[in-house]
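Chain by chain, the residues run as shown.
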Amino acid sequence: MENNLDLLKKYWQHDKFRPLQKEIIEHYQNGLDTIALLPTGGGKSICYQLPAIVQEGLTLVISPLISLMQDQVNLLNERGIKAMFLRNNKFRNPIDHQFDNAKYGNYKLLYSSPERILNESFLMQIKSLKIERIAIDEAHCVSEWGNDFRPAFKAIKNLKKLFPKAPMIALTASATPKVIESISSDLGMRSPKVFKTSFDRKNIHYQVFYMEDKIDFIKKSLKNKKESCIIYCNSRKETELTTKKLKKWGLSCSFFHGGLDSEIKKQKLADWKNEKILVMIATSAFGMGIDKENVRKVFHFMIPESIESYYQETGRAGRDGKCSAAILLVNPNDQLRLYDLYIKNLPDQKDLKIFFKKLCDYLQIPYGGGEGIQYKMNLKDFSNTYRFQVKKIVNCFKVFDREGVFEFQQLYKAQTYVLLTCSQEQAIKRVQQNDEGGLIIQFLMRSFEDIFRTKKKIDFNQLSRFLNINTEQINRYLILLEKQNMIELEFLNTDISIYWKLPREDQFTLNVFLKKVEKNTQEKKDKIQKMFDYAFDINKCKRNSILSYFGENQEKVCRNCSAKSCI
């Protein structure tokens, strides 16, 4: 039988474990509850994925983000490890079929969002599976004092009742002592052993620079340097604009954000890893799967919203242990900009009540309805209809998503759906004409098995690569095919997708969390203030500021950051 090191080499191509990985894995394999606090890039996922290969049965993984689960499952399947995640798509693959796959498909890992655990039907179904281990990713979300608190995480302790013999492992990259204590109690863990490395990244030099022209500073910092870097921005628009400016000066760079198609994201990530692109200008969406050892600099174009976020993002520098830099660029106007971005548009109880009522009216959801239905809508139209501020409305959506009322996803662009309305014989004849219209029909038939029965969303970029023509031409050919009665087109000008999880019950739905809104808002303000203190206190050692936040007090200053005390 292969030992743990053999499996590490076979599936992850690593010759040795990273610090604490071996000890964490062995403790968890012995059937004991475990808390693993490892820095970004410390290899947290291997701590539960490797034991899943060795032992019988399923490992149930609870993760807060759909995109995170999708990426994890794709990576595991590429490595030859059978994994799946439970999707919210009742038409393509109903949940009953997904459970059958999990039960009989010889899978090793099953991923799920925490909100599912709130559903009694889900708990009844999952009880029939052979769950031998439970893993909680981003476990800090269970704590009200943690970054990205998700109330549904508190329901995870119900899994302990269903699977009392299954050991639980909770993993996170950033947690204060208060959050670690909360993780243990709120998840119902049994005397867990806490494995924790120091938050100190000695090879990273923390620098804060104050200036008006941030672009010029970056240009001078990277000019004539062949080194891998990340520049974090606070918006998609900012990533694209910064990329254009830096490209004009001949820098090898590209942008990355959540609004890009998955294939484009994958290609950009590959180009950056292979160093076809040296500098990636990104939003916080550039996080999963970027385990690149030789990143020399991580810039932040704007102040992040918390020390946790800043620590995780800067932790992507210097994973090879060599000298690297985390550079935060600020000017006096940033405090006002961040107030507008993070504080000004936080909704209060009144805002949330009005938002929920108007959203239900807009989507025509009756009292007691909505559960299990997918809705798509246009954000600007909704905001204009009720004269709402767009930024505040987006924050309202995020609150209801966090509280488990619905799943909220920004699509960023219009969607196009196609149905083949001709017969299969007519389609084959059209393909034989071997023109662009025929090639489109061929692409649709090859890509979708039931394209003659069900409308399918098409990816213009994928189709463009297949035909080697631009997207505008594709649009014209599609319209022509519709006029020829070969296809039926549906253009949806929607940029928001909502999957409703609970029946609409107005006061009952709202009262569960409305009282906590002010507390959560104050918590967010406190986190931002801590980040302001870090950015604008020119005297205190930057490394010690970060370590102090996570409960590590250092008497000596680092002597290599930008603080006056270290110069």
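Being a predicted model, the structure only gives us computed values, none of them experimental.

(A) Region of interest: the overall build of the protein chain. Broken down by element type, the protein chain carries 23 helices and 19 strands. Here the protein chain has a C-alpha radius of gyration of 25 Å; the compact-globule value for 567 residues is 24 Å, and the two agree. When its C-alpha atoms are laid out on the principal axes, the protein chain stretches across 80 × 60 × 55 Å. Split into buried and exposed, the 567 residues of the protein chain put 53% on the buried side. For the protein chain, contacts bridging at least 24 residues in sequence account for 76% of all contacts bridging at least 6. Counting every atom, the protein chain has about 27300 Å² of accessible surface; 48% of that belongs to carbon and sulfur. Measuring between centres, the 91 positive side-chain charges of the protein chain sit 2 Å from its 67 negative side-chain charges.

(B) Here's a closer look at the packing of helix H14 (residues 349-363) against helix H21 (residues 507-514). Across the interface, H14 lies against H21 with an axial gap of 11 Å and an inter-helix angle of 155 degrees. Considered as vectors, H14 and H21 are oriented roughly antiparallel to each other. Crossing of H14 over H21 shows right-handed handedness. In this structure, H14 uses Gln349, Leu352, Lys353 and Phe356 to contact H21, whose residues at the interface are Thr509, Leu510, Phe513 and Leu514. Of the residues assigned to the contact of H14 with H21, the class counts are 5 nonpolar, 2 polar and 1 charged.

(C) Representation of the side chain of Glu138 in the model. Assignment of secondary structure puts Glu138 in the loop between strand S5 (131-136) and helix H7 (157-162). Of the side chains with opposite charge, Lys44 lies nearest to the buried Glu138, which makes no salt bridge, at 5.8 Å. Ignoring sequence-local partners within four residues, the contact set of Glu138 consists of Pro64, Leu68, Phe153 and Leu171.

(D) Up close: the sheet that holds strand S15 (residues 406-410). Within the open sheet, the 3 strands sit side by side as S14-S19-S15. Their pairing is antiparallel. Looking at the sheet topology across the chains shown, the edges are occupied by strand S14 (374-377) and S15. Going from strand to strand, the sheet's axes swing by 20 degrees on average, the running direction of each strand aside. With 5 bridges connecting them, S15 and strand S19 (residues 496-500) associate as antiparallel partners. Bridge assignment links Gln409 to a residue of S19, and that residue is Ser497.

(E) Seen up close, the sheet that holds strand S18 (residues 487-492). Reading across the sheet, the 3 strands line up as S17-S16-S18 and stay open at both edges, with antiparallel pairing between neighbours. Because the sheet does not close on itself, it has two edges, and the strands there are strand S17 (456-457) and S18. One ladder, built from 6 bridges, connects strand S16 (residues 415-420) with S18; its direction is antiparallel. Its bridge partner lying in S18, Tyr417 is registered against Glu490.

(F) Summary view of unusual backbone geometry. Here Gln13, not a glycine, exhibits a phi torsion of approximately 55 degrees, which is positive. By secondary structure assignment, the location of Gln13 is in the loop between helix H1 (4-12) and helix H2 (21-29). For Gln13, a relative accessible area of 57% translates into the label exposed. With a phi close to 75 degrees, Leu20 is a non-glycine residue in the positive phi region. Inspection of the secondary structure puts Leu20 in the loop between H1 and H2.

(G) Spotlight on the pairing of strand S11 (residues 279-282). Of the two faces of S11, the one carrying Val279 and Ile281 and the one carrying Met280 and Ala282 are both buried. Pairing analysis gives 4 bridges linking strand S10 (residues 253-256) to S11, with the strands arranged parallel. Paired with Phe256 across the two strands is Ala282, which belongs to S11. Once you follow S10 into helix H11 (residues 262-273) and on to S11, the crossover reads as right-handed.

(H) Inspection of the nonpolar core at higher detail. Ranked by internal contacts, the top residues of the largest apolar core, which has 77 residues, are Ile136 and Phe286. It is helix H22 (residues 517-536) that contributes the most residues to this core, 5 residues altogether. With 29 residues, the next largest nonpolar core counts Met69, Ala83, Tyr111 and Phe195 among its residues.

(I) Representation of the pattern of salt bridges within the structure. The full count for this structure, using the stated rule, is 26 salt bridges. Of the charged contacts in the structure, one is a salt bridge between Arg337 and Glu238, with a shortest N-O distance of 3.4 Å. Highlighted residues: Arg337 in helix H13 (residues 334-343) and Glu238 in helix H10 (residues 236-248), separated in sequence by 99 residues. Using a relative accessible area of 42% as the deciding quantity, one classes Arg337 as partly exposed. With its nearest N and O atoms 3.2 Å apart, the salt bridge here joins Glu488 to Lys455. Of the two residues, Glu488 is situated in strand S18 and Lys455 in the loop between helix H18 (436-447) and S17; the sequence distance between them amounts to 33 residues. Taken together, the salt bridges that share partners define one network made up of Glu115, Glu407 and Lys501.

(J) Region of interest: the packing of helix H19 (residues 460-467) against helix H20 (residues 471-483). At a minimum axis separation of 9 Å, H19 and H20 run at an interaxial angle of 95 degrees. On the basis of their axis angle, the class for H19 and H20 is roughly perpendicular. Counting all contacts with H19, which are made through Phe460, Asn461, Leu463, Ser464 and Leu467, the residues of H20 involved are Thr471, Ile474, Asn475 and Leu478. Residues that form the contact of H19 with H20 fall into these classes: 5 nonpolar, 4 polar and no charged.

(K) Up close: H22. Over its 20 residues, H22 extends 28 Å from the first C-alpha to the last, a length consistent with the 28 Å expected when each residue adds 1.5 Å. Restricting attention to buried positions, one finds in H22 the residues Val517, Asn520, Thr521, Lys527, Ile528, Met531, Phe532, Tyr534 and Ala535. Buried residues along H22 cover an arc of 160 degrees about the axis, so they all sit on one side.

(L) Broad picture of the packing of aromatic side chains. As enumerated under the stated definition, the model contains 29 aromatic pairs in all. With a centroid separation of 5.8 Å and an interplanar angle of 55 degrees, the aromatic rings of Phe99 and Phe122 are classed as tilted. You can see Phe99 sitting in helix H5 (residues 95-104) and its partner Phe122 sitting in helix H6 (residues 120-126), a full 23 residues away along the chain. The class for Phe99 is buried, based on a relative accessible area of 5%. On the basis of relative accessibility, which here comes to 5%, the residue Phe122 falls in the buried class. With centroids separated by 6.2 Å and ring planes inclined at 55 degrees, the aromatic side chains of Phe382 and Phe397 adopt a geometry described as tilted. In this pair, Phe382 is assigned in helix H15 (residues 379-386) and Phe397 in helix H16 (residues 390-402), connecting sequence segments 15 residues apart. Accessibility classification places Phe382 together with Phe397 in one group, the buried group.

Rules of the game
Residues numbered from 1 in each chain as written. Predicted model: local features only at pLDDT ≥ 70, side-chain atom pairs only at ≥ 80, totals over all residues. Heavy atoms only, no water. Helix = DSSP H or I, 4+ residues; strand = E, 2+ residues; numbered from the N terminus. Rg over C-alpha atoms; globule rule 2.2 N^0.38 Å. Buried < 20%, exposed > 50% of the residue type's maximum accessible area, 1.4 Å probe, protein only. Contact = heavy atoms within 4.5 Å. Areas by Shrake-Rupley, 256 points an atom, 1.4 Å probe, with all protein chains shown as cover. Lys, Arg positive; Asp, Glu negative; His and termini not counted. Charge placed at Lys NZ, Arg CZ, Asp CG, Glu CD. Axes fitted to C-alpha atoms, helices over the stretch in contact; angles between N-to-C directions. Parallel < 35°, antiparallel > 145°, perpendicular 65-115°, else oblique. Left-handed = near helix turned anticlockwise from the far one by under 90°. Nonpolar A, V, L, I, M, F, W, Y, C, P; charged D, E, K, R; others polar. Salt bridge = Lys/Arg side-chain N within 4 Å of Asp/Glu carboxyl O. Pairing = 2+ DSSP bridges. Right-handed = clockwise from strand over helix to strand, strands pointing away. Core = buried A, V, L, I, M, F, W, Y, C linked by side-chain atoms within 4.5 Å. Expected span 1.5 Å × (residues − 1). Arc of directions from axis to C-beta. Phe/Tyr/Trp six-rings, centres within 6.5 Å; stacked < 30°, edge-to-face > 60°.

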